[in-house]
Amino acid sequence: MTMTKEQFKNSIIDGIKAGRLDPCNGIGEIYSDLPQYYWTIENGNVTEESPFYVDDEQPELRFGVSISDIENYTEKEFGDLSEDEVKQAMLNIVDEYGVDDWYDQYQESLEAED
């Protein structure tokens, strides 16, 4: 079942609010003292995965609000932010910048599966 853009965005917002979606590491960003995550789609929901397994097993679609996005948005070091500040920054980023690019990637990943 394909999600509409509204369902896609709501799944992200709900996941952040519920603590199911954590900040992601962008390409080339390795914070060894922090868990490494990316977001993907599983069973019609946005979910979180860890990249610590073989590349062949990783889904094509990987996205998320990165730690550097949060640092740039808040103008603070990630380690200086509380958990609530991180959640709020992710929600604000999703709200202000939208999910168009991620949704386009999602649509492309569905076409690639066909």
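What comes next is a walk through the structure.

Parameters at a glance
- Residues numbered from 1 in each chain as written.
- Predicted model: local features only at pLDDT ≥ 70, side-chain atom pairs only at ≥ 80, totals over all residues.
- Heavy atoms only, no water.
- Salt bridge = Lys/Arg side-chain N within 4 Å of Asp/Glu carboxyl O.
- Helix = DSSP H or I, 4+ residues; strand = E, 2+ residues; numbered from the N terminus.
- Core = buried A, V, L, I, M, F, W, Y, C linked by side-chain atoms within 4.5 Å.
- Buried < 20%, exposed > 50% of the residue type's maximum accessible area, 1.4 Å probe, protein only.
- Contact = heavy atoms within 4.5 Å.
- Arc of directions from axis to C-beta.

By the definition in use, this model includes two salt bridges. Notably, a salt bridge pairs Lys5 with Asp100, separated by 3.0 Å at the nearest N-O pair. Placement of Lys5 in helix α1 (residues 5-17) and of Asp100 in helix α4 (residues 100-113) is noted, with a sequence separation of 95 residues between them. We note a salt bridge from Lys76 to Glu85, for which the minimum N-O separation is 3.5 Å.

What follows concerns the nonpolar core. Counting 25 residues, the largest nonpolar core has Phe8, Ile12, Trp39, Ile70 and Trp102 as the members making the most contacts within it. Contributing elements (two or more residues each) for this core: α1, α2 (67-74), α3 (83-97) and α4. Broken down by element, this core gets its largest block of residues, six residues, from α3. Setting aside residues up to four positions removed in sequence, Trp102 forms contacts with Phe8, Ile12, Trp39, Phe63, Gly64, Val65 and Val94.

With that settled, the discussion passes to α2. Of the positions making up α2, those classed as buried are Ile67, Ile70 and Glu71. Along the long axis of α2, the arc covered by the buried residues comes to 100 degrees, so they all point the same way. Looking at the buried side of α2, the elements it contacts are α3. Looking one or two residues beyond α2, the residue adopting positive phi is Glu75, at roughly 60 degrees.

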